[in-house]
Structure formats: C-alpha cells, structure tokens
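Tertiary structure, described
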Amino acid sequence: MTEGPVGVAVMAYGTPATPDDVEAYYTHIRRGRPPTPEQLADLRSRYDALGGTSSMAARTAAQVDAISAALEARAPGRCRVVLGQKHAVPFVEDAAATLLAEGVTDVVGIVLAPHYSGFSVGEYQRRLADAMAEGGGRAAAVDRWSDLPEWQAFTARAVGDALADLPAATKVLFTAHSLPERVLVGDPYPGELARSARAIARQAGLATWAGWGLAWQSAGRTPEPWRGPDVLEVIRDLADTGRSEGVLVCPQGFVTDHLEVGYDLDIEARAVADEVGLAFARTRTVDDDATVMGALADRILAAADDLARPEAP
Ligand code: FEC
C-alpha cells in the first residue's frame, strides 16, 4: 500500500482540437501511416459538417470534472484525477507521466466507453499499465461498466423519452462501433453489447419480438471484414419489411455526441431513414449525467480499495 492520493486516469478517444489537427489525428489513429489525400478529404468533410471539429473535447472535459467532483464528494482528498486520451493530447502516457511526476504510483484506469473489447478498452488499459510500470508504478482497471444499473436506467429512460415522439410502430436499434472480425475472435464485446441491450430494452418495456434489435456502425474504411450488419443496411431492410413506421437509434456503445454520433447517425443514418420513408430519432447520450458519473466514481473507489489491499502472503 502506498501513501498519498491514488491516481485516477479517466481515458477517452480524443478528437482534433482544431481543423488543422485533423491530419495528425488521423495519422495517429492509423498507427503512424498518413491518410491518403482522399481519405483526409473525406474525414475533413465529416468534421466540416459538424462545424469544423466535434464537440467531444468539451464534453470529455465535463465528464472528467463530474467524475472528479463525485470522487471528491465520496472520498475527500483521496484521488488525483487526470485525463488520458488514445489519439490526442494529453495521451494516456501523458496522464501516467503527470501522476508519476507528482509521486503518485498507484492508478485506477477507467475508459469512457461502457463495453470491453481487447482491441479498444484493452488497448487503453495496456498503455496505461505499461507507462506506469516503466516509472515504477502500477495500475488497476475498471474494464467495463455496461452492467452499471444507473447507466442502464439512464439509457432506458432515454429510449422511452424518444419513443414518445415517434410512431407506435418504431423499432429501436442499439448500436456500437463495429470492429474488424479478426479482433472479435474470442472477444467479449459482442456478448456484452447484446446483454446490455437486452437489459435496457426490458427496462424500457420494449416488445422482444419486434421492438428492438442490434446493429453496428462506423465501420472503418478498410477492405477486411468488419462486424455487421451496419445500421444503414438495417434501416433499409426495416423499411423493406413494410412493418415499421420509424426507427430509433440508441448508440449504447458511446457516451457523448461526437463525430460517430453527430455525423454517422444524426446526418448519415437520418438521411437513409428519410430516403426510405421512416421517422428517425436517436437517443441522448449520457454525457456528464451526475448519477451515472457518481456510480462510475463508486466503481473507481472499489478498484482503488482492491489496489490498496496488502498482497496475500
Ligand atoms: O468526435 C471525434 O472527433 C472522435 C470520434 C471517435 C470516437 C471513436 C470511438 C471508437 N473508435 C473505435 C474503433 C475504431 C477503429 C478504427 C477507427 C477509426 C476512426 C477514425 C475516426 C474515428 N475513429 Fe474510432 N472513434 C472516433 C473517430 N475507430 C475519425 C478514422 C477515420 C474513420 O475510419 O472514420 C480504424 C482504425 C484502427 O484500425 O485503429 C478500429 C471504437 C470506438 C469506441 C470506443 C472508444 O471510445 O474508445 C471501438 C469517439
């Protein structure tokens, strides 16, 4: 057990700070390979549609502040909270360096994404653990929180509220970021998504036979197979059945209104729904909801307690 505060690395995807940062950001996502001019133009046009950048930076900062305030309320002075991002400064490694420089050697990492995949959340946690270990520190992980009752209840309410303004024959599609099939072999991600969708649908009182389904979104523009079906395809299929008048997309894999929600759903999926004659809406995301951020703080404190426990002889 170490003296002093425990570090908390709240980790998020990151977004370009300005339109000029889009190329460097995209290059980082592509693990150092610069995008082609066409790929860059395509990504820029999506950010342009949102006004040049996404609102993710401000929204992530609000989430970090809310988690910080919840930790402080529960355990005054116990935690030192820092932000660490996957693809933009401050990087995950910067978060570890900040803590180590302050003499904080124990850290709990939590990713602002509810479901675990070795390729997504696992990578954040590995990067944090490696960076802490290099400086003589150690890391514990809150790997998943899609089972959090407060988050499920928030999302079920969001579904119910959105359905109130849609036709009675509306299907709810729970979506998450697609991943390449190759990384999903033996990975818990699809199962976790199915379980949380089922729990939220049940709480929202959706009919299981036709009321809801699962779909994937935002697959990468690479030739390898990505997990499907894609939400755009599902919306078209739904219209073809002739049994639905509307579609409500619930992006359960995301926690805020960033590019993947603001463009891929609010612009692209809405356009497909308009084209095939279905009413369209998507549910609000959790953002910095105080109850859910408080419940995350409880998970963080439980992980900190485990880390502080003296090792068994
Ligand atoms: O608003 C913003 O500026 C940032 C939005 C953003 C979020 C996000 C979340 C996830 N991604 C995940 C997986 C992949 C894989 C690739 C990939 C590529 C991109 C590109 C952009 C982008 N992602 Fe992302 N992602 C966001 C943005 N993502 C931009 C590059 C252009 C494009 O393909 O659209 C493919 C590259 C690779 O092989 O690594 C895979 C997953 C999440 C959800 C979990 C998380 O938040 O970490 C999974 C937000």
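Note that the coordinates shown come from a computational prediction; the quantities given were computed from them, not determined experimentally.

Criteria and cut-off values
Residues numbered from 1 in each chain as written. Predicted model: local features only at pLDDT ≥ 70, side-chain atom pairs only at ≥ 80, totals over all residues. Heavy atoms only, no water. Domains from an automatic or database assignment. Contact = heavy atoms within 4.5 Å. Buried area = accessible area lost by both parts, 1.4 Å probe. Salt bridge = Lys/Arg side-chain N within 4 Å of Asp/Glu carboxyl O. Polar contact = N/O pair within 3.5 Å; in protein donor to acceptor, adjacent residues only side chain to side chain. Helix = DSSP H or I, 4+ residues; strand = E, 2+ residues; numbered from the N terminus. Nonpolar A, V, L, I, M, F, W, Y, C, P; charged D, E, K, R; others polar. Axes fitted to C-alpha atoms, helices over the stretch in contact; angles between N-to-C directions. Parallel < 35°, antiparallel > 145°, perpendicular 65-115°, else oblique. Left-handed = near helix turned anticlockwise from the far one by under 90°. Buried < 20%, exposed > 50% of the residue type's maximum accessible area, 1.4 Å probe, protein only. Pairing = 2+ DSSP bridges. Right-handed = clockwise from strand over helix to strand, strands pointing away. 1 Å grid on protein atoms, 1.4 Å probe; cavity = no way out; pocket = protein on both sides within 12 Å on 5 of 7 lines; lining within 4 Å. Points joined across faces, edges and corners; volume = space filled by probe spheres on them. Near = heavy atom within 4 Å.

We now examine the domain arrangement of the protein. By the assigned domains, the protein splits into domain 1 (6–17 + 53–144 + 288–308) and domain 2 (149–282). The C-alpha centroid of domain 2 is placed 27 Å from the C-alpha centroid of domain 1. Contact residues are listed per partner, giving 18 residues for domain 1 and 18 residues for domain 2. When the buried area of domain 1 at its contact with domain 2 is split by residue, P114, H115 and F119 rank highest and sum to 34% of it. At the boundary of domain 1 with domain 2, the tally comes to 1 salt bridge. Between R144 and E192 there is a salt bridge; the shortest N-O distance is 2.4 Å. Between the two partners, domain 1 and domain 2, sit 9 residue pairs in polar contact (both at pLDDT 80 or more). At the level of elements, α3 (56–74) and α12 (290–308) are the ones that each hand at least two residues to the side of domain 1 that touches domain 2. Taken together, the residues of the side of domain 1 that touches domain 2 sort by class into 8 nonpolar, 7 polar and 3 charged.

With that out of the way, let us pick up the packing of α3 against α12. Helix-helix packing is characterised by the crossing angle of the two axes and by the distance between the axes. Where α3 meets α12, the closest approach of the two axes is 8 Å, and the angle between their N-to-C directions is 60°. Between α3 and α12, the angle is such that the two are oblique. Where α3 crosses over α12, the two elements pack in a sense that is right-handed. For the pair α3 and α12, the contacting residues are Q63, A66, I67, A70, L71 and R74 in the first and M293, G294, A295, L296, A297, D298, I300 and L301 in the second. Counted by class, the contact of α3 with α12 contains 10 nonpolar, 2 polar and 2 charged residues.

Of all 6 residues making up strand β3 (residues 106–111), 6 are buried, and the element is well covered by its neighbours. Burial along β3 is two-sided: the face carrying D106, V108 and I110 and the face carrying V107, G109 and V111 are both buried. Strand direction decides the pairing type here: strand β1 (residues 6–12) and β3, joined by 5 bridges, are parallel. Note on β3: the bridge partner recorded for G7 is V107. Viewed along the sheet, the connection from β3 through helix α5 (residues 121–134) into strand β4 (residues 138–142) turns out right-handed.

Sheet strands line up and pair through hydrogen bonds in the backbone, either parallel or antiparallel. One open sheet accounts for 4 strands, arranged β2-β1-β3-β4; its pairing is parallel. At either margin of the open sheet sits one strand with a lone partner, and together these are β2 (79–85) and β4. Across this sheet, the average inter-strand angle for adjacent strands is 25°, counted without regard to direction. Running at roughly 165° to β3, α5 makes contact with β1, β2, β3 and β4 of the sheet. Contacts from α12 reach β1, β2, β3 and β4 within the one sheet, and its direction differs from that of β3 by about 145°.

Our next topic: empty space enclosed by the protein. Evaluated as defined, the whole model comprises 1 cavity of 30 Å³ or more. Approximately 70 Å³ is the volume attributed to the largest cavity. Forming the boundary of the largest cavity are W151, F154, T155, C250, P251, Q252, F254, T283, R284, T285 and V286. With 3 residues, the single largest contributor to the lining of the largest cavity is helix α6 (residues 149–163). Tallied by class, the residues present in the lining of the largest cavity amount to 6 nonpolar, 4 polar and 1 charged.

In the vicinity of the ligand, 24 residues are found, and the nearest of them are Y13, T15, Y47, S54 and Y124. Within the contact set of the ligand, an oxygen atom lies 3.5 Å away from a side-chain nitrogen or oxygen of R31. With respect to the ligand, the side chain of Y124 contributes an N or O atom lying 2.5 Å from an oxygen atom. If you list the elements that add at least two residues to the shell around the ligand, you get α1 (22–29), α2 (37–49) and α10 (259–262).

The 4 strands are arranged β6-β5-β7-β8 in an open sheet whose pairing can be described as parallel. Either end of the sheet is taken by a strand with one partner, and the two such strands are β6 (212–217) and β8 (279–282). Ignoring which end each strand starts from, the neighbouring axes of this sheet average 25° apart. Looking at chain direction, strand β7 (residues 246–250) and β8 are connected through 4 bridges and run parallel. Across the sheet, residue L248 finds its bridge partner in β8, namely A281. Helix α8 (residues 189–203) contacts β5 (170–177) and β6 of the sheet and is inclined by roughly 140° relative to β6.

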